[in-house]
Amino acid sequence: HHYDNARALARKDSCICGGVTDDYTRRAKHWRSDWLGPFASWQDARVNGSGGVFYFGAMWFSVVSLAEVAREDTASAVGVKEFLLLTAAAGVLQSVAGVQPLLVLRPTGPVVLMLVQLFELTKLFWPVEETLEPAELRVQLTTQRFLQFTAVVGAFVGLFMAVIASFELSRWYEPTHVANGIPL
């Protein structure tokens, strides 16, 4: 069970970035088959190609719809093009750096919610005077402050996640919710 493995890993002696190194070492022997295996034969290419088209469609439509929500709720501070570009770049980076060619995390919904909340916090903490004219200038100033705030929060979260990975803090995770004897 996963729970038993988590306990065994928590007892393992670890070093800084040891888990990341373990992952790369473990997956290195499978690198070629991970990336080229789906195209090993015509049958594999057809099956994996249809799966790839399905995933592309499933991701595309949800990302576009969520990008539209982000655009509307942030007064166009985050547009559909930017959202698609950043989501695609993050997906490519995760598939290469995540030691897996198909790493589906689906974080777009929570990301949109966080962007909208950051936009609201920006308006709350750094309000723009309503007397500032033209109105476009107010929107530009709010957008600039929002993007700066989002960049700072993103850098902090990235640093925080790097610390978690570097010190393998996930090895100390113990599931608190169990259903049918299987940790959730």
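Residues numbered from 1 in each chain as written. Predicted model: local features only at pLDDT ≥ 70, side-chain atom pairs only at ≥ 80, totals over all residues. Heavy atoms only, no water.

K.L.:
Help me out: how do you make sense of the packing of aromatic side chains in this one?
P.N.:
Two measures describe an aromatic ring pair: the distance that separates the ring centres and the angle between the ring planes. Counted by the stated rule, this structure contains six aromatic pairs. Arranged with centres 5.3 Å apart and planes meeting at 80 degrees, the rings of Phe-119 and Phe-146 form a pair that is edge-to-face. Highlighted residues: Phe-119 in helix α6 (residues 108-125) and Phe-146 in helix α7 (residues 135-166), separated in sequence by 27 residues. In this structure Phe-119 comes out as buried when scored by relative accessible area, which is 5%. With a centroid separation of 6.0 Å and 15 degrees between ring planes, the pair formed by Phe-156 and Phe-160 is classed as stacked. Of this pair, Phe-156 and Phe-160 both sit in helix α7, four residues apart, which is roughly one turn of the helix. Taking the relative accessible area as the measure of exposure, Phe-156 reaches 55% and is therefore exposed. (Phe/Tyr/Trp six-rings, centres within 6.5 Å; stacked < 30°, edge-to-face > 60°. Helix = DSSP H or I, 4+ residues; strand = E, 2+ residues; numbered from the N terminus. Buried < 20%, exposed > 50% of the residue type's maximum accessible area, 1.4 Å probe, protein only.)

K.L.:
Looking at this structure, how should I read the side chain of Ser-166?
P.N.:
Mapped onto the fold, Ser-166 is located in helix α7. Reaching out from Ser-166, the side chain makes a polar contact with the backbone oxygen of Ala-162 at a distance of 2.7 Å. Setting aside its immediate chain neighbours within four residues, Ser-166 contacts Cys-15, Ile-16 and Cys-17. (Polar contact = N/O pair within 3.5 Å; in protein donor to acceptor, adjacent residues only side chain to side chain. Contact = heavy atoms within 4.5 Å.)

K.L.:
Any chance you could explain the confidence of the model for the protein here in plain terms?
P.N.:
Caution is warranted with low-pLDDT regions, since their predicted coordinates should not be read in detail. Looking at the protein as a whole, its pLDDT mean stands at 79, while 81% of the residues score no less than 70. No element of the protein has a lower mean pLDDT than helix α1 (residues 2-11), at 50, and none a higher one than α7, at 88. (pLDDT = per-residue confidence, 0-100.)

K.L.:
Sorry if this is basic, but what is going on with the environment of Asp-23 here?
P.N.:
Among the structural elements, Asp-23 can be located in helix α2 (residues 18-28). For Asp-23, a relative accessible area of 34% gives the class partly exposed. Asp-23 sits 75 residues away from Gly-98 along the chain, and the two C-alpha atoms are 8.9 Å apart.

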